[in-house]
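Residues per chain are reported as follows:
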Amino acid sequence: MTPIDISVLVLAGAVLLILLRLPVAIALGLSAFAGAVALLPLPAAVSIMTRTPHEFAASWEYSAVPLFLAMGALIVRTGLSDSLFILASRAFARIPGGLAIATNFAGAAFGAASGSSLATTIALGRLATPRMLRAGYDPGLATAVTACSGTMAALIPPSIPLIVYGILAEQSVVRLFFAGILPGLLTALGYGVMIWIRSVRHPELAPPPARDTDEDLPISWSILALPMIAILVLGGIYGGWFSPGQAGAVGTLAVIALSALQPGVTWPRLREAFADTARQTASILFVAAGAMMLTRTMALTGLPAALASFVADAGLSPALLLAALSLLFLLLGMILDPFGIMMLAVAVLLPTLEQAGFNLIWMGIVIVKYIEIGVITPPVGMNVFAAKSIAPPSISLTVIFRGVSWFLVVEMVILVILLTSPELVLWLPDLMTSR
Amino acid sequence: MQRSLPDRACRIGELAAATVIGLMTLHIGLDVAALALSGTPLRGTAEIVSELYMPFVVFGGLAAVQYAGDEIRVDIIDGILSQPLRRGLEKLTQLIVALAAGALAWQTSLQALDALKQGEHLVIGTMRIITWPGKAAIPAAFAMLALASIDRMRRS
Amino acid sequence: KTLTYGSGVPERAAANRLGVLPMLDRLTQVSDGEIRFTPILGGQLVSIPGGLPAIRDHVVDAGFFLTQFHPADMPAASFMAELTGLGTSPLATIGALNEIFFTRCPACMADMARQNVVPMMIQSATPLVLQCTGQVSDAPDLAGLRVAVIGQPEMRWIEALGAIPVRSSVSDILSALQLGQADCGLLPLSWIRSYGLQDTIRSVIDRPQGIITGAVPLAINADTWSTLPQTTRQKMIAAMPGIIHDYVTSAYVGPDDAVRGEMAERLHVSDGGPTLAAAWASFQKAEPTALIEAARAHGLENPEGFVAMAVETFRIWHEDLLPRFTDDPDTFTALLKARVYDAVHP
Ligand code: NA
Ligand code: NA
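To keep things clear, this report deals only with the structure shown in the data block. Keep in mind that what you see is a predicted model, and the values were worked out from it rather than measured.

## Examining the state of the cysteines
Residue and element names in this part refer to chain C. As enumerated under the stated definition, the model contains two disulfides over all chains in all. Across a sulfur-sulfur distance of 2.1 Å, Cys105 and Cys108 are joined as a disulfide pair. On the sign convention where negative means left-handed, the S-S torsion of about 80 degrees between Cys105 and Cys108 marks this disulfide as right-handed. Exposure class is identical for Cys105 and Cys108. Each is buried.

## Points about the pattern of salt bridges
Close approach of charged atoms lets side chains of opposite charge pair. Counted according to the given criterion, the structure contains 33 salt bridges over all chains. In this structure, C:Arg167 engages B:Glu47 in a salt bridge whose closest nitrogen and oxygen atoms are separated by 3.0 Å. Highlighted residues: C:Arg167 in strand 6 (residues 164-167) and B:Glu47 in helix 2 (residues 45-59), drawn from two different chains. The partner of C:Arg26 in a salt bridge is C:Asp246, with the nearest N and O atoms 2.8 Å apart. Highlighted residues: C:Arg26 in helix 1 (residues 14-30) and C:Asp246 in helix 10 (residues 230-263), separated in sequence by 220 residues. Linked by salt bridges that have partners in common, A:Arg77, A:Glu272, A:Asp276, A:Arg279 and B:Glu14 make up one network.

## A word on the interface of chain B and chain A
For interface size, the figure often reported is the accessible area lost on association. The interface is formed by 50 residues belonging to chain B together with 50 residues belonging to chain A. Contact with chain A buries area across many residues of chain B, yet B:Thr25, B:Ile72 and B:Val74 alone supply 16% of it, more than any other trio. Run the count over chain B and chain A and you get two salt bridges. A salt bridge links A:Arg279 to B:Glu14; the shortest N-O distance between them is 2.7 Å. Here chain B is connected to chain A by three residue pairs in polar contact (both at pLDDT 80 or more). Within the residue set of the side of chain B that touches chain A, elements represented by two or more residues are helix 1 (5-38), helix 2, helix 3 (62-67), helix 4 (83-118) and helix 5 (132-155) of chain B.

## Some details on the nonpolar core
Residues A:Leu28, A:Tyr165, A:Met363, A:Phe385, C:Leu83 and C:Tyr341 are the most contacted members of the largest nonpolar core, which totals 295 residues. Counting residues per element, this core draws most heavily on helix 13 (residues 267-301) of chain A, at 18 residues. For A:Leu28, the residues in contact, after removing those within four places along its chain, are A:Ala14, A:Ile18, A:Val287, A:Gly290, A:Ala291, A:Leu294, A:Ile335 and A:Val380. C:Leu128, C:Leu130, C:Ala139 and C:Leu161 belong to the second largest nonpolar core, which has 19 residues in total.

## Describing helix 15 (residues 318-335) of chain A
Taking 1.5 Å per residue as the helical rise, helix 15 of chain A with its 18 residues ought to reach 26 Å, and the 27 Å between its terminal C-alpha atoms agrees with that figure. Inspection of helix 15 of chain A places A:Leu321, A:Leu322, A:Leu325, A:Ser326, A:Leu328, A:Phe329, A:Leu332, A:Gly333 and A:Ile335 among the buried residues, and these make up the whole buried set.

## Regarding the environment of C:Leu177
Of note, C:Leu177 is situated in helix 7 (residues 170-179). Distance in space between the C-alpha atoms of C:Leu177 and C:Val46 is 28 Å, their sequence separation being 131 residues.

## Details of the packing of helix 1 (residues 3-19) of chain A against helix 2 (residues 24-39) of chain A
All names here are of chain A. Here helix 1 crosses helix 2 at 160 degrees, and the two axes come no closer than 8 Å. When the interaxial angle is binned, helix 1 and helix 2 end up roughly antiparallel. Crossing of helix 1 against helix 2: the hand is right-handed. On the side of helix 1, the interface is formed by Pro3, Ile6, Val10, Gly13, Ala14, Leu17 and Ile18, while helix 2 contributes Val24, Ala27, Leu28, Leu30, Ser31, Ala32, Gly35, Ala38 and Leu39. The class makeup of the residues in the contact of helix 1 with helix 2 is 13 nonpolar, three polar and no charged.

## Description of the interface of chain C and chain A
Counting residues at the interface gives 36 residues for chain C, matched by 42 residues for chain A. Per-residue buried area on chain C facing chain A is highest for C:Arg12, C:Gln44 and C:Leu179; these three make up 24% of the total on that side. Along the contact surface separating chain C from chain A lie one salt bridge. For A:Arg51, the salt bridge identified is with C:Asp57, shortest N-O distance 3.4 Å. At the junction of chain C with chain A, the criterion picks out five residue pairs in polar contact (both at pLDDT 80 or more). Put simply, the parts of the chain that give the side of chain C that touches chain A at least two residues each are helix 2 (51-56) and helix 7 of chain C. Classifying every residue of the side of chain C that touches chain A by side-chain character gives 13 nonpolar, 15 polar and eight charged.

## Some remarks on the coordination of the sodium ion (ligand 2)
Residues and elements named next belong to chain A. Only Gly333 (O), Met334 (O), Gly374 (O), Thr377 (O), Thr377 (OG1) and Val380 (O) from the protein reach the sodium ion (ligand 2) as donors, at distances of 2.3 to 2.9 Å. Coordination at the sodium ion (ligand 2) is irregular: its six donor atoms span angles of 71 to 160 degrees at the metal. Mapped onto the polypeptide sequence, the residues donating to the sodium ion (ligand 2) form the spacing pattern G-M-x39-G-x2-T-x2-V. Given a relative accessible area of 31%, Met334 falls into the partly exposed group.

## A look at a nonpolar patch on the surface
All names here are of chain A. A cluster of nonpolar side chains, namely Ile95, Phe105, Leu189, Val193, Trp196, Ile197 and Val200, defines an oily patch on the protein surface of about 590 Å² accessible area. In terms of residue count, the dominant contributor to the nonpolar patch is helix 10 (residues 173-201) (five residues). If you trace the backbone, Val193 turns up in helix 10.

## Points about the pairing of strand 9 (residues 211-221) of chain C
All names here are of chain C. The element strand 9 is extensively covered by neighbouring structure, given that ten of its eleven residues are classed as buried. Where strand 3 (residues 62-66) meets strand 9, four bridges bridge the pair, whose relative direction is antiparallel. Within the sheet, the bridge partner assigned to Phe65 lies in strand 9 and is Val216. With seven bridges connecting them, strand 4 (residues 117-132) and strand 9 associate as antiparallel partners. Each bridged residue has a counterpart across the sheet, and for Met121 the counterpart in strand 9 is Leu218.

## Focus on the packing of aromatic side chains
Tallied over the entire structure, the rule returns 17 aromatic pairs over all chains. An angle of 85 degrees between the planes, with centres 5.5 Å apart, marks the rings of A:Phe358 and A:Trp362 as edge-to-face. On the accessibility criterion, A:Phe358 (11% relative accessible area) is buried. Take A:Trp362: its relative accessible area is 5%, and that puts it in the buried class. Between C:Phe101 and C:Phe102 the ring centres are 5.2 Å apart and the planes differ by 75 degrees, which places this aromatic pair in the edge-to-face class. Side by side, C:Phe101 and C:Phe102 carry an identical accessibility label, which is buried. Through successive ring pairs, a cluster of aromatic residues spans A:Phe286, B:Phe59 and B:Phe142. The cationic tip of B:Arg155 hangs over the ring face of B:Tyr67; the distance from NZ or CZ to the ring centre is 4.4 Å.

The rules behind each value
Residues numbered from 1 in each chain as written. Chains lettered and ligands numbered in written order. Predicted model: local features only at pLDDT ≥ 70, side-chain atom pairs only at ≥ 80, totals over all residues. Heavy atoms only, no water. Disulfide = S-S within 2.5 Å. Buried < 20%, exposed > 50% of the residue type's maximum accessible area, 1.4 Å probe, protein only. Salt bridge = Lys/Arg side-chain N within 4 Å of Asp/Glu carboxyl O. Helix = DSSP H or I, 4+ residues; strand = E, 2+ residues; numbered from the N terminus. Contact = heavy atoms within 4.5 Å. Buried area = accessible area lost by both parts, 1.4 Å probe. Polar contact = N/O pair within 3.5 Å; in protein donor to acceptor, adjacent residues only side chain to side chain. Core = buried A, V, L, I, M, F, W, Y, C linked by side-chain atoms within 4.5 Å. Expected span 1.5 Å × (residues − 1). Axes fitted to C-alpha atoms, helices over the stretch in contact; angles between N-to-C directions. Parallel < 35°, antiparallel > 145°, perpendicular 65-115°, else oblique. Left-handed = near helix turned anticlockwise from the far one by under 90°. Nonpolar A, V, L, I, M, F, W, Y, C, P; charged D, E, K, R; others polar. Donors = N, O, S within 2.8 Å, 3.2 Å for Na, K, Ca; no water. Tetrahedral: all angles 85-135°; square planar, octahedral: opposite > 155°, others 65-115°. Patch = residues over 30% accessible without salt bridge, like charges linked within 9 Å, V, L, I, M, F, W, Y side chains within 5 Å. Areas by Shrake-Rupley, 256 points an atom, 1.4 Å probe, with all protein chains shown as cover. Pairing = 2+ DSSP bridges. Phe/Tyr/Trp six-rings, centres within 6.5 Å; stacked < 30°, edge-to-face > 60°. Lys NZ or Arg CZ within 6 Å of the ring centre and 35° of its normal.

If you want it as structure tokens, here you go:
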């Protein structure tokens with residue numbers, strides 16, 4: 001068996017185990033381990049695979065995930081975001097699909113304070129999904145909109161994936177941040193239009209609001225809470241007071257401070273929020289650790305390098321190269337972990353892309369877009385899993401993935417725009433950093 | 001009501017993770033404040049966060065998730081299977097999880113024991129940061145995960 | 001025989017492109033094709049902290065690791081990473097480091113043997129220089145500024161300048177400068193270009209202020225090493241002095257010079273003037289005392305003796321030998337061979 005055969009078997013095995021209802025993390029880990037055993041002496045395979053969980057967890061970069069999750073859990077548990085959300089849903093109430101559209105734009109706003117696509121999905125899911133379901137929205141739409149709107153956090157700065165890309169590809173993080181803004185807003189716009197069109201054509205997806213729901217809750221000062229936290233977090237980052245990684249901690253502390261002014265917020269409720277954070281962190285990062293094991297096995301098989309040299313030797317035209325790249329990312333994005341894909345992509349593909357004369361800031365945005373599509377595609381979609389983990393248990397993953405498919409259609413349109421017009425991506429960074 | 005052993009173990013893991021998340025939030029907040037107010041950041045924050053806190057934070061809640069049946073899995077074939085077949089598959093799944101988690105717990109406990117014997121640490125200036133507890137968090141979490149899956153297998 | 005080489009260093013880093021990969025090619029060449037390497041770089045397979053266990057447990061046959069991540073596993077070798085403040089010349093520093101590591105520190109070699117790895121060299125990088133987002137040209141300008149540093153040893157120098165050292169991970173340091181969390185960074189000059197800092201940095205104090213040390217860019221699993229023919233091992237050891245010269249010049253000195261050439265017109269460049277020179281001199285005088293404290297924290301036997309030996313070895317390479325090999329690669333190579341690699345037994 002050649003290493004390439006092994007890599008194909010490992011990937012197929014992972015998918016099969018996932019379909020057989022094995023927990024995704026265990027399915028990824030077991031197939032990765034089997035591949036490692038086929039490629040390495042047993043003690044070496046045991047060493048690399050069993051060391052992965054600790055190495056994965058003992059990371060300063062990943063500490064942003066629980067911190068932003070804690071911020072989201074606290075905002076939800078303390079009800080700080082309720083009145084803002086009510087205001088937004090009122091503003092959008094007359095529009096078909098208004099609640100979902102409001103959730104979508106709330107995702108863009110939250111993304112401007114959060115660097116993590118996962119954390120944003122969880123915050124949105126906690127906030128918006130129950131309201132949409134109560135209003136009679138289609139469960140697929142009510143969950144998918146949170147899973148997909150979360151991805152904007154990775155494009156709209158601050159963004160953890162863009163920071164990681166900047167380091168790996170040796171590109172300016174500030175330019176990447178500016179470059180992400182327009183594609184992020186374009187995504188929000190595309191999603192919004194799609195939801196509107198679908199709601200107009202199928203009113204049963206998003207019934208117009210009845211007058212009697214929680215819309216009559218009094219709106220209080222707390223309408224300012226979320227904007228204040230966003231200003232603190234963003235102002236602190238851009239004012240040089242703390243790093244995007246530290247921002248999650250500052251945001252969490254700010255939420256705790258503001259919630260002291262909120263009636264009914266008690267110590268047990270804060271404790272519950274931290275317990276929520278512990279469970280969400282574990283359930284999500286466990287899958288990511290399994291995906292990292294799989295990424296390592298893939299590196300051992302040499303499949304990525306073989307693909308890269310195939311692409312490089314094929315002498316593709318830039319357009320074909322981009323098409324091949326797209327196919328590759330979409331396939332890998334189905335199962336591997338987002339940061340793993342980034343490492344593989346930068347390590348093996350960037351030289352080819354650079355040689356083809358592609359701007360690496362533009363490529364960074366495209367690559368982050370692809371890995372964000374990967375977190376909403378089956379069978380392993382971290383954002384979808386996150387949306388599922390906080391939705392009512394009766395909504396199955398299949399339902400959510402089906403809801404996501406419409407957003408994927410929008411993503412295809414946006415990708416075509418991004419791939420064909422690099423100037424759209426580069427306009428803002430060029431404007432902001434030219435002196 | 002008397003709680004079962006797996007239930008209690010899961011709750012302890014979750015509580016540990018929740019406490020450490022709170023601690024980590026405070027620690028980073030203090031670091032930011034110390035730099036802003038006095039111009040002297042705390043030493044070793046990044047090392048303490050990544051080596052000491054994060055292993056507890058990432059895996060502490062794992063068993064609680066599994067115990068509650070909230071683990072991330074794909075349920076596409078649920079509709080196809082008959083009730084007895086589904087129960088059988090569920091028991092088999094939990095057995096596999098228990099075996100995998102048990103094996104991981106065993107191997108990582110050897111690594112943790114090594115780290116403990118070495119007194120594993122990092123040196124920051126003249127300060128030593130003990131890092132072996134982070135290594136010990138991993139086998140503990142996986143042992144609890146195995147326990148939780150065995151309990152799920154019994155209950156299903 | 002094909003050996004896998006694993007490293008957590010980003011694939012595109014100059015250290016890989018211009019340093020490690022050419023080194024691996026040269027070793028293939030000198031072994032007459034007896035050994036080849038399959039590099040797996042950029043953390044795809046092994047992370048930076050995971051480098052040592054991966055080589056030790058034979059996940060890869062060879063690889064990169066940082067000694068400072070393993071003070072408990074290698075008390076003596078990890079102390080090599082504290083010597084940042086002693087060096088100013090890249091070649092003299094790497095000469096001194098390898099002389100200490102291979103010939104004057106039996107505990108370092110014992111550390112390596114216990115870890116089941118055979119190191120081919122220990123490396124020093126490029127001189128650190130101050131790069132600031134505002135106008136800075138001598139020591140008084142720096143008082144009270146926040147300076148981002150990557151390693152712990154650099155903090156002592158920044159404190160000596162009356163500035164505030166902010167320890168940062170590589171992932172944070174770039175955005176720290178760009179977003180204003182730090183006013184300056186004490187970084188290799190070439191980072192201006194490789195990390196796109198030219199939009200952010202306004203002034204540079206281009207005087208060497210220490211050289212980061214302590215990485216082992218090529219270590220081979222001891223079992224793999226013992227399966228290589230004796231003649232191949234001899235050829236590899238014999239080639240190392242020449243390889244080290246080219247490694248330092250092309251991966252570190254070259255990229256710095258390239259940036260130095262193009263930045264003069266865009267940036268305010270100074271050497272810090274007499275105030276900074278005086279501050280550096282008194283810092284270096286005080287450094288041995290601080291190093292003895294650090295050596296004690298690492299648990300070294302005879303900290304005073306070890307530090308005195310290290311300081312003297314650095315002095316010999318910087319004061320006695322450097323004038324002889326400046327602009328003379330062959331002399332450097334011969335010195336490294338005579339003083340270090342002749343004593344390494346394959
Ligand atoms: Na964001
Ligand atoms: Na996916």
